[in-house]
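These are the residues of each chain, in order.
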There are 4 protein chains.
Amino acid sequence: MSTELERLAARLREFARARDWERFHTPKNLAMALSGEAGELVAEFQWLTPEESLDLDPATLARVRSELGDVTAYLVRLADVLGVDLVEAANARLDVNDRRYDPELYRGSARKAPPLDP
Amino acid sequence: MSTELERLAARLREFARARDWERFHTPKNLAMALSGEAGELVAEFQWLTPEESLDLDPATLARVRSELGDVTAYLVRLADVLGVDLVEAANARLDVNDRRYDPELYRGSARKAPPLDP
Amino acid sequence: MSTELERLAARLREFARARDWERFHTPKNLAMALSGEAGELVAEFQWLTPEESLDLDPATLARVRSELGDVTAYLVRLADVLGVDLVEAANARLDVNDRRYDPELYRGSARKAPPLDP
Amino acid sequence: MSTELERLAARLREFARARDWERFHTPKNLAMALSGEAGELVAEFQWLTPEESLDLDPATLARVRSELGDVTAYLVRLADVLGVDLVEAANARLDVNDRRYDPELYRGSARKAPPLDP
């Protein structure tokens, strides 16, 4: 039984295959596309206060949702081409950060912890 | 029954709550964090040829996997704060692109289609 | 008599030439490098409030200054490879925005103006 | 006698003042705007080969020139708000990289040097 991310990856694979776009979908190019979409996402929030960003009007939220969809699509496609499991990769990072950021030591503080390994 | 993304979102929610970091996790700030991680990802590929990016050495692949994990974590956290379903949002974008990019018309071509709606 | 940006471009050209790095410095690759550095810059501000970002402590300001230097170096190098005059390009954009954003109409407002004309 | 960057900074300062936009122009917000424009720039190159990016058609070059103008405008505005001299900051980075990247040792190689300081 496949997960929702596997089904999305399969749809993206077929989307590229149907248009003969696989040769454009190198990791280098897909990382650029992801970065471009992340730039469009950040632009939606650039003049808002942090408080305003928590309470978006419907038109802005619709645009943000579109940008989140684009970022997700390129991220899932890039991971598929590289053979990386995104949820495993995120959990591995959280395992590291659970150890780096002791809840008592970093309570309410945004300062960066030193890296764990030399 | 929850999906793998819902479980990841729940872990991230608890990670922020345990450190009293919810007030840092506004959509504005999380979009910045996502954009910063996308920048680190793109930097891994900047001097590689597209062909080289398809055949990463193990050390580079491990770093890329970490960056993909970071991007995924911030993306899932941002979507959770905004109440957006990432897979639905990506599928909605693919529905649009299926109509914009006719497979016959755009076969092997990377040129951009005009937007569907005015 | 050359300007300060021309002198910086000449130094970057010689830096690349001395290391036989010209073949890495394609516009595609330099745009990626610029984007990666912009990501590092944005990361410096991600957990700060807008107010805090106006009053950086000396250590943060030093890191921000380094990131600004990296962004400037890649931007000037990219423009040099493409034969674009950055100050002329910025002034051309300001000419457009002077017409798009009427000072009376947009006073104190961050909403986006519609594009002028195709 | 002022330099071309100082004149551009002065024009941007007046542009913001005339619209009462200074309060939007915090370093946090301007770094986001810069990052968004860098994303638009990278998107212009995402499906091109490195070779194609060296030989842009006139329409693409015109769009790239606009994006470079936008990046320059936000970079100069951000540096002005922070009181940073961009050319000095770039030269300081080049001084560091001149020492990090020995021309003989790194000839023709894109591998990253270890940082100079611990």
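Scroll up a little and you will see the structure.
Residue numbers restart at each chain and count upward from 1, following the sequence in its written direction. Chain labels run from A onward and ligand labels from 1 onward, assigned in the order the entries are written. Given that the model is predicted, a residue must reach a pLDDT of at least 70 before its local features are reported, and side-chain atom pairs must reach 80 or more before they are shown or counted; all residues, however, enter totals for whole chains, interfaces and linings. Each side-chain value is derived from all of the structure's non-hydrogen atoms; neither hydrogens nor water enter the calculation.

Draft legend 1. Region of the structure containing the packing of aromatic side chains. For Phe, Tyr and Trp, rings pair up if their centres lie within 6.5 Å, where Trp contributes its six-membered ring, and each pair is then called stacked (planes under 30 degrees apart), edge-to-face (over 60) or tilted (otherwise). Scanning the model with the defined rule gives 16 aromatic pairs over all chains in all. Note on A:Tyr74 and D:Trp47: the rings are 6.2 Å apart at their centroids and 45° apart in plane angle, and the pair reads as tilted. Linking A:Tyr74 in helix α4 (residues 58–82) with D:Trp47 in the loop between α2 (27–45) and α3 (50–53), this pair reaches from one chain into another. With a centroid separation of 5.0 Å and an interplanar angle of 75°, the aromatic rings of C:Tyr101 and C:Tyr106 are classed as edge-to-face. Think of it in three bands: with a 1.4 Å probe and only protein chains considered, a residue is buried below 20% of the maximum accessible area for its type, exposed above 50%, and partly exposed in between. Residue C:Tyr106 is classed as buried on the basis of its relative accessible area, which comes to 6%. Three or more aromatic residues joined by ring pairs make a cluster, and in this case those are A:Phe15, A:Trp21, B:Tyr101 and B:Tyr106. Charges are assigned to positions over rings by a cutoff of 6 Å between ring centre and Lys NZ or Arg CZ, combined with an angular limit of 35 degrees from the ring normal. Just above the ring of C:Phe15 sits the side chain of C:Arg19; from NZ or CZ to the centre is 3.9 Å. Taking NZ or CZ as reference, C:Arg19 lies 5.9 Å from the ring centre of C:Trp21, over its face. Per the convention used, a helix needs a DSSP run of H or I reaching at least four residues, while a strand needs a run of E reaching at least two, with both numbered from the N terminus.

Draft legend 2. Structural detail: the relation of the copies chain C and chain A. For these two chains of identical sequence, chain C goes onto chain A by a turn of 180° and a shift of 0.0 Å along the axis, with RMSD 0.0 Å. Such a turn and shift between the copies fits a two-fold axis. Using C-alpha coordinates, one finds that chain C approaches the rotation axis most closely at C:Met32, a distance of 3.5 Å. We call two residues in contact when some of their heavy atoms are within 4.5 Å. Of the residues that chain C buries at the interface, 100% are likewise interface residues in chain A, meaning the two copies contact each other through the same surface. We place the copies in one frame by least squares, fitting the C-alpha atoms of every residue whose pLDDT is at least 70 in both.

Draft legend 3. How the structure looks around helix α1 (residues 4–18) of chain C. Every helix has an expected span of 1.5 Å times one less than the residues it contains. Between its terminal C-alpha atoms α1(C) stretches 21 Å, which fits the 21 Å expected from 15 residues at 1.5 Å a residue. Every buried residue belonging to α1(C) is among C:Glu4, C:Leu5, C:Leu8, C:Ala9, C:Leu12, C:Phe15, C:Ala16 and C:Ala18, and all of these are buried. Buried residues belonging to α1(C) abut α4 (58–82) and α5 (86–100) of chain C together with α1 (4–18) and α5 (86–100) of chain D. With its phi angle positive at about 60°, C:Asp20 sits one or two positions after the end of α1(C).

Draft legend 4. Examining α5(C) more closely. Here α5(C) contains 15 residues, and its C-alpha end-to-end distance of 21 Å stays within 8% of the 21 Å for a straight helix at 1.5 Å per residue. Residues of α5(C) that are buried include every one of C:Leu86, C:Val87, C:Ala89, C:Ala90, C:Leu94, C:Asn97 and C:Arg100, and no others. Buried residues in α5(C), looked at end-on, bunch into an arc of 155°, giving them a common side. Here the buried face of α5(C) lies against α1 and α4 of chain C together with α1 and α4 (58–82) of chain D. For this analysis, a polar contact is any N or O atom pair within 3.5 Å, provided that within protein one partner can donate a hydrogen and the other can accept it, and provided that sequence-adjacent residues contribute only side-chain to side-chain pairs. For α5(C), the side-chain oxygen to backbone nitrogen distance between the N-cap and C:Val87 is 3.1 Å, and the N-cap itself is C:Asp85. This arc corresponds to the set of directions leading from the helix axis out to the C-beta atoms.

Draft legend 5. Structural view of a negative patch on the surface. Patch definition: residues with relative accessible area over 30% and no salt bridge; like charges joined within 9 Å; nonpolar side chains (Val, Leu, Ile, Met, Phe, Trp, Tyr) joined within 5 Å. Values of accessible area rely on a 1.4 Å probe in the Shrake-Rupley scheme; residue burial ignores everything except the protein chains shown. Note on definitions: salt bridges are taken to be side-chain nitrogens of Lys or Arg within 4 Å of carboxyl oxygens of Asp or Glu. Only four residue types enter the tally: Lys and Arg on the positive side, Asp and Glu on the negative side; His and the chain ends are excluded. Where a charge lies is defined by one atom per residue type, namely NZ (Lys), CZ (Arg), CG (Asp) and CD (Glu). Residues B:Glu51, B:Glu52, B:Asp55, B:Asp57, D:Glu51 and D:Glu52 make up a contiguous surface patch of negative charge. Tracing the chain through its elements places D:Glu51 in helix α3.

Draft legend 6. Just the interface of chain B and chain A, in detail. In this complex, chain B contributes 66 residues to the contact, which on the side of chain A involves 66 residues. Together chain B and chain A conceal approximately 5,900 Å² of surface at their shared face, both sides included; 66% is due to carbon and sulfur atoms. Linking chain B to chain A there are 10 salt bridges. Taking the shortest distance from any N to any O, the salt bridge between B:Asp98 and A:Arg11 comes out at 3.0 Å. Across the contact surface, chain B and chain A share 32 residue pairs in polar contact (both at pLDDT 80 or more). Looking at the side of chain B that touches chain A, the elements with two or more residues in it are α1 (4–18), α2 (27–45), α3 (50–53), α4 (58–82) and α5 (86–100) of chain B. Ranked by residues supplied to the side of chain B that touches chain A, first place goes to α4(B) with 14 residues. Under the convention adopted here, Pro, Cys and the residues Ala, Val, Leu, Ile, Met, Phe, Trp and Tyr are nonpolar, Asp, Glu, Lys and Arg are charged, and Gly plus all remaining residues are polar. For the side of chain B that touches chain A, the per-class residue count stands at 40 nonpolar, 13 polar and 13 charged. As used here, buried area is the combined drop in accessible area, with a 1.4 Å probe, of two parts when they are placed together.

Draft legend 7. A look at the relation of the copies chain B and chain A. When chain B is fitted to chain A, the best match, at an RMSD of 0.0 Å, comes from turning it 180° and sliding it 0.0 Å along the axis. Mapped onto chain A, 100% of the interface residues of chain B are again interface residues, and the two copies thus contact each other with one and the same surface.

Draft legend 8. Examining the environment of B:Ser53 more closely. Checked against the element boundaries, B:Ser53 lands in helix α3. Those residues in contact with B:Ser53, other than ones at most four positions away along the chain, are A:Thr26, A:Pro27, A:Lys28, A:Leu82, B:Phe45 and B:Leu48. From its side chain, B:Ser53 meets the backbone nitrogen of A:Lys28 in a polar contact 3.0 Å long. For B:Ser53, the side chain forms a polar contact with the main-chain oxygen of B:Pro50, separated by 2.7 Å.

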